[in-house]
Amino acid sequence: MKVLVIGGGGREHAIVWKLSQSRHVDKIYCCPGNAGISELAECINVGDNNFEELIDFVKYEWIDLTIVGPEAPLSKGIVDAFEKEGRKILGPNIKAAQLEGSKVFAKDLMRRCGIPSAEYKVFTSYLHAEDYVRMKGAPIVIKAEGLAAGKGVIVAETVDEAIDGLKLIMKDRAFGDAGNRVIVEECIHGEEASFMVFTDGKTILPMVSSQDHKRVFDGDNGPNTGGMGAYSPAPVVTEKLESIIMEKVMRPAIKGLQSEGIKYKGILYAGLMIKNNQPYVLEFNCRLGDPEAQPVLSRLKTDLIDIASAITDEKLSNITLEWKPDASVCVVIASKGYPGKYEKGKVVKGLDDAKKMNDVFVFHAGTAFNNNKVVTSGGRVLGVTALGKDIKDAKFKAYEAIEKIHFSGMHYRKDIADKALKC
Ligand code: AMP
Ligand code: GLY
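Note that the structure is a prediction, hence the values are computed from the model and not measured.

### Side note on the pairing of strand E20 (residues 367-370)
Bridge count for E20 against strand E21 (residues 373-376) is four bridges, and the pairing is antiparallel. Residue Asn370 lies in a different strand from E21, and its bridge partner there is Lys373. Linkage of E20 to E21, two consecutive antiparallel strands, is achieved through a turn of two residues, within which Asn371 is found at a positive phi near 50°.

Below, the structure is given as structure tokens:
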């Protein structure tokens, strides 16, 4: 069969890599893809928000299934547009994708369904929000309601910081309409973990746990990024905690949506804070995490097409997920300056040497070709991912592979997975 993957980051490279091993797949297309993806898939240049053109392409090329990587097209209704034309596509529809697209929608659902989360209040007026922040005091968390590429959340240690955050979102409108409403919520201290499931709206199959590293510098310092590395499994998610997450978070969320007439199909991601062995939801995402997809998919044994088809056909109860017992660590290499301004077009060297290593996968995120050379074209450039017998072994291999790679100004954290080693 022919498959189209939407997106062009490390997550999509991991999806394409996994699809390339499927016994069902003859040809993969990716829109827009990147330099690494182009070794496994034909990259096409249609805007991923131009649904009409994408559907024409799918019809013309007889593509059997489309898999959506990022949140933006899901929030804009790509699934509804494809399904209206009778085309198979993996991901939640526009109503279900509100779980990520609107933090207010997600918080209200959590409140209605009793899903543990931080106490919160929603504001449209700057003055009321400021009063509330002064009354509550710090630490406190300020969140823009809409999609803001992971930058719309301010964890404020002081009241002044919180007020600066409110000004940034509500007065300067740094995130445009995504800041029409603001959530002010209680700050929860604990350990973060990412937990993702596959669901067809009825059956819910948990993936192996993982943990992201959001801050740009070692020791969780500096600004938040899309994610500087991840590992799987996350030791903080014990078997017992996993069943608590399923009972208290995943099942109530999907059942709660169902009772409101919304069928959630695809991948559901919960960003969790674990405090006293209990999960609190910080956010829901309606797709695979990036970079989490890289260590998680590299552990998945089951054919991804079997899973995707079972979801679109609502037959997920027929599937049993199988995972490699290995641990996996992904270290992101970013451009100098990321998550702020960065330069593009730096030649990336040493990729072939790194790729030759056993159990190492160099997933591309922001790369392109220039005169047949791989060059940087984004903030996050590569996700160097390795499997090992345990986290320590996987970490060693990932950093050994990184030693072989070079581009001008490259930056990566040296402490990815150290948290897991301390557990
Ligand atoms: P979010 O996009 O909502 O997951 O927030 C981004 C990051 O901000 C999270 O990964 C946490 O590190 C932090 N964060 C969000 N909400 C809270 C909270 N209520 N308490 C503490 N930290 C939070
Ligand atoms: N790594 C966090 C996310 O994908 O949103």
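### Some words on helix H2 (residues 51-60)
Taken as a whole, H2 has its buried residues at Phe51, Leu54, Ile55, Phe57 and Val58. Buried residues of H2 fall within an arc of 155° about the axis and therefore sit on the same side. Exposed and facing more than 90 degrees away from the buried side of H2 are Glu52 and Tyr60. Where the residues of H2 are buried, they touch strand E1 (2-7), strand E2 (27-32), strand E4 (65-68), helix H3 (71-75) and helix H4 (78-84).

### Side note on helix H11 (residues 304-312)
Counting buried residues along H11, seven of its nine residues qualify, which places the element largely inside the surrounding structure. Buried residues in H11 make contact with E1, helix H1 (10-19), E4, strand E5 (89-90), strand E10 (191-199) and strand E16 (266-275). Two or three places before Ile305, at the opening of H11, Asp303 has a side-chain oxygen 2.9 Å from that residue's backbone nitrogen. Positive backbone phi, at 55°, marks Glu314, one or two positions downstream of H11.

### Regarding the site of ligand 1
Around ligand 1 sit 15 residues in total, of which Glu185, Glu186, Ile188, Glu192 and Glu283 are the nearest. Within the side chain of Glu283, one N or O atom sits 3.1 Å away from an oxygen atom of ligand 1. Relative to its unbound accessible area of 470 Å², ligand 1 is 92% covered by the protein chains. Within the residue set of the shell around ligand 1, elements represented by two or more residues are strand E7 (140-144), strand E8 (153-156), strand E9 (182-186) and strand E17 (278-285). Among the residues forming the shell around ligand 1, the class breakdown is eight nonpolar, no polar and seven charged.

### Let's talk about the sheet that holds E7
Taken in spatial order, the four strands make up an open sheet running E6-E9-E7-E8, and their pairing is antiparallel. Bordering the open sheet on either side are strand E6 (120-123) and E8, each of which pairs with just one other strand. The sheet shows a mean angle of 20° between the axes of neighbouring strands, direction not considered. Pairing of E7 with E9, which is carried by five bridges, proceeds in the antiparallel orientation. Bridge pairing links Ile140 to Glu186 in E9. Where helix H7 (residues 126-136) meets the sheet, it contacts E6, E7 and E9, and its direction lies at approximately 155° from that of E6.

### Things to note about the packing of aromatic side chains
Tallying each qualifying case throughout the model produces six aromatic pairs. Between Tyr399 and Tyr412, the ring centres sit 6.2 Å apart and the planes meet at 45°, which makes this aromatic pair tilted. Of this pair, Tyr399 sits in helix H13 (residues 391-402) while Tyr412 is found in the loop between H13 and helix H14 (418-422), placing the two residues 13 residues apart along the sequence. Take Tyr399 and Tyr412: they sit in the same class, and that class is buried. Aromatic ring contacts, followed pair by pair, group Trp17, Phe361 and Phe363 into a single cluster. The positively charged end of Lys171 is found above the aromatic ring belonging to Tyr126, 4.2 Å away from the centroid. Against the face of Tyr412 rests Lys414, its NZ or CZ located 4.3 Å from the ring centre.

### Digging into the packing of helix H6 (residues 103-113) against helix H9 (residues 239-259)
At their nearest, the axes of H6 and H9 sit 10 Å apart, and the two run at 100° to each other. By the angle between their axes, H6 is roughly perpendicular relative to H9. Here H6 contributes Phe105, Leu109 and Cys113 to the contact with H9, which in turn contributes Pro252, Ala253, Gly256 and Leu257.

### Observations regarding the layout of surface pockets
Of the volumes computed, that of the second largest pocket is approximately 200 Å³. Residue composition of the lining of the second largest pocket, grouped by class: seven nonpolar, two polar and two charged.

### Concerning empty space enclosed by the protein
Tallying each qualifying case throughout the model produces two cavities of 30 Å³ or more. As a volume, the largest cavity reaches approximately 130 Å³. In terms of lining, the largest cavity is formed by 17 residues, of which the most central are Ile67, Val68, Leu90, Ile267 and Leu288. Of all elements in the fold, only H1, E4 and E16 reach the threshold of two or more residues within the lining of the largest cavity. Here the second largest cavity is characterised by a volume of approximately 60 Å³. Taken together, Leu99, Lys103, Ala106, Lys107, Met110, Lys143, Ile183, Glu185, Leu282, Glu283 and Phe284 form the lining of the second largest cavity.

### Some thoughts on the site of ligand 2
Surrounding ligand 2, one finds Asp212, Lys214, Gly226, Tyr269, Asn285, Arg287, Gly289, Asp290, Pro291 and Glu292. In this structure, Asp212 approaches ligand 2 through a side-chain N or O atom, which is 2.7 Å from a nitrogen atom. Gly226 is positioned such that a nitrogen or oxygen atom in its backbone is 3.3 Å from a nitrogen atom of ligand 2. For ligand 2, whose accessible area on its own is 200 Å², the fraction buried by protein is 89%. Grouping the amino acids of the shell around ligand 2 by side-chain chemistry returns two nonpolar, three polar and five charged.

What counts as what
- Residues numbered from 1 in each chain as written.
- Chains lettered and ligands numbered in written order.
- Predicted model: local features only at pLDDT ≥ 70, side-chain atom pairs only at ≥ 80, totals over all residues.
- Heavy atoms only, no water.
- Pairing = 2+ DSSP bridges.
- Helix = DSSP H or I, 4+ residues; strand = E, 2+ residues; numbered from the N terminus.
- Buried < 20%, exposed > 50% of the residue type's maximum accessible area, 1.4 Å probe, protein only.
- Arc of directions from axis to C-beta.
- Contact = heavy atoms within 4.5 Å.
- Polar contact = N/O pair within 3.5 Å; in protein donor to acceptor, adjacent residues only side chain to side chain.
- Near = heavy atom within 4 Å.
- Areas by Shrake-Rupley, 256 points an atom, 1.4 Å probe, with all protein chains shown as cover.
- Nonpolar A, V, L, I, M, F, W, Y, C, P; charged D, E, K, R; others polar.
- Axes fitted to C-alpha atoms, helices over the stretch in contact; angles between N-to-C directions.
- Phe/Tyr/Trp six-rings, centres within 6.5 Å; stacked < 30°, edge-to-face > 60°.
- Lys NZ or Arg CZ within 6 Å of the ring centre and 35° of its normal.
- Parallel < 35°, antiparallel > 145°, perpendicular 65-115°, else oblique.
- 1 Å grid on protein atoms, 1.4 Å probe; cavity = no way out; pocket = protein on both sides within 12 Å on 5 of 7 lines; lining within 4 Å.
- Points joined across faces, edges and corners; volume = space filled by probe spheres on them.

Shape descriptors only; they carry no functional weight alone.
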